[in-house]
Amino acid sequence: MQFGVFGVPAAMKMSFAPVVRKAAPAVVNVYSKARVRQNVAPFWQMFGGGAPQSRIQGSLGSGVIVRADGIIITNNHVIEGGQEITVALADRREFTARVLLADPRTDLAVLKIDVGDERLPVLAIDDSSEAQVGDLVLAIGDPFGVGQTVTNGIISALNRTTDPTGEAGSAYIQTDAAINPGNSGGALVDMDGDLIGVNSFILS
């Protein structure tokens, strides 16, 4: 029999798969669309082409189901200004969402989708005060719109109180888990598969 450094059989391997199986079904994609008016460049205005043009502006992010009847939390910047918000579940079904609450200061928003009597998978919200620097965490979201992705890391720091704009905000959890564009609003979960944070921004 082969043994590792601490006497554990070398064939034994660690896996995050049980945590992912528990958490991933409650992580959703959030698509926001808005119709905006765009002015024509001054050069074309000289030739009578000065009528403003209308175009669709979209944003892509993630969200987390926190109540089985269709309550979802995400980032405010994912849905801000959106006139049409769509939520795609892990099974690829899509629902139109309405905004219940939105707070630019904390960059959080609460959405609701109508799923009738169906009970959706949820992520339990953990008491983040029990989190410690060095704890393992997983970030689950939809970076780049390629589909659900999981990355792992540790809690690098707690109670960071400044956002990228330099304004005081909520107490943020800093992690070295890879968080890419499209992951905004996704889940940061602990090794119990409970929600301890919402992925908000990256500094690089």
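Residues numbered from 1 in each chain as written. Predicted model: local features only at pLDDT ≥ 70, side-chain atom pairs only at ≥ 80, totals over all residues. Heavy atoms only, no water.

1. Some words on the overall build of the protein chain
Then comes step 1: What the protein chain contains, in helices and strands, is 3 helices and 11 strands.
Then comes step 2: Start at the N end of the protein chain and walk to the C end: the helices and strands fall as α-β-α-β-β-α-β-β-β-β-β-β-β-β.
Then comes step 3: Buried residues in the protein chain amount to 37% of all 204 residues.
Then comes step 4: Here the analysis covers contacts within the protein chain between residues at least 6 apart in sequence; of these, 61% occur between residues at least 24 apart.
Then comes step 5: Only carbon and sulfur atoms are counted for the fraction: they give 54% of the accessible area of the protein chain, which is about 12100 Å². (Helix = DSSP H or I, 4+ residues; strand = E, 2+ residues; numbered from the N terminus. Buried < 20%, exposed > 50% of the residue type's maximum accessible area, 1.4 Å probe, protein only. Contact = heavy atoms within 4.5 Å. Areas by Shrake-Rupley, 256 points an atom, 1.4 Å probe, with all protein chains shown as cover.)

2. Let's talk about the pattern of salt bridges
Then comes step 1: What the rule picks out here adds up to 4 salt bridges.
Then comes step 2: One salt bridge in this structure joins Arg93 and Asp91, with 2.9 Å as the shortest N-O distance.
Then comes step 3: The exposure class of Arg93 is partly exposed, given its relative accessible area of 33%.
Then comes step 4: Accessibility expressed as a relative area gives 46% for Asp91, which makes it partly exposed.
Then comes step 5: Salt bridges here are not isolated pairs; linked through shared partners, they connect Asp91, Arg93 and Glu118. (Salt bridge = Lys/Arg side-chain N within 4 Å of Asp/Glu carboxyl O.)

3. Side note on the pairing of strand 4 (residues 84–88)
Then comes step 1: Counting buried residues in strand 4 gives 4 out of 5 residues, a clear majority hidden from the surface.
Then comes step 2: Where strand 4 folds back on strand 5 (residues 94–103), the antiparallel hairpin that results is connected by 5 residues, among which Arg92 adopts a positive phi of roughly 80 degrees. (Pairing = 2+ DSSP bridges.)

4. Topic: unusual backbone geometry
Then comes step 1: Residues other than glycine seldom take positive phi values, yet Arg92 does so here, at roughly 80 degrees.
Then comes step 2: Residue position: Arg92 is located in the loop between strand 4 and strand 5.
Then comes step 3: Residue classification places Arg92 among the exposed positions, given a relative accessible area of 75%.

5. Section: the layout of surface pockets
Then comes step 1: Of the pockets and cavities examined, the second largest pocket occupies roughly 240 Å³.
Then comes step 2: Around the second largest pocket sit 13 residues that line it, and Asn29, Leu89, Ala90, Arg92 and Gly147 are the ones nearest its centre.
Then comes step 3: In terms of residue count, the dominant contributor to the lining of the second largest pocket is strand 1 (residues 27–38) (4 residues).
Then comes step 4: Looking at the lining of the second largest pocket residue by residue, the classes come out as 7 nonpolar, 4 polar and 2 charged. (1 Å grid on protein atoms, 1.4 Å probe; cavity = no way out; pocket = protein on both sides within 12 Å on 5 of 7 lines; lining within 4 Å. Points joined across faces, edges and corners; volume = space filled by probe spheres on them. Nonpolar A, V, L, I, M, F, W, Y, C, P; charged D, E, K, R; others polar.)

6. Some details on the pairing of strand 5
Then comes step 1: One ladder, built from 4 bridges, connects strand 4 with strand 5; its direction is antiparallel. When the bridges of strand 5 are listed, Ala88 appears paired with Glu94.
Then comes step 2: Sheet topology note: the strand 5/strand 6 (residues 108–113) ladder contains 6 bridges and is antiparallel. Residue pairing in the sheet places Val99 in a bridge with Leu111 of strand 6.
Then comes step 3: Once strand 5 ends, the chain turns through 4 residues before running back antiparallel as strand 6, passing Asp107 with a positive phi of about 60 degrees.

7. Brief notes about the confidence of the model for the protein chain
Then comes step 1: Of the residues in the protein chain, 74% reach a pLDDT of 70 or more, and the chain-wide mean stands at 80.
Then comes step 2: Within the protein chain, strand 3 (residues 71–74) carries the highest mean pLDDT (96), whereas helix 2 (residues 42–45) carries the lowest (54).
Then comes step 3: Contacts of residues 1–7 to residues separated by more than four positions or lying in other chains number 7 contacts, the stretch itself having pLDDT below 50. (pLDDT = per-residue confidence, 0-100.)

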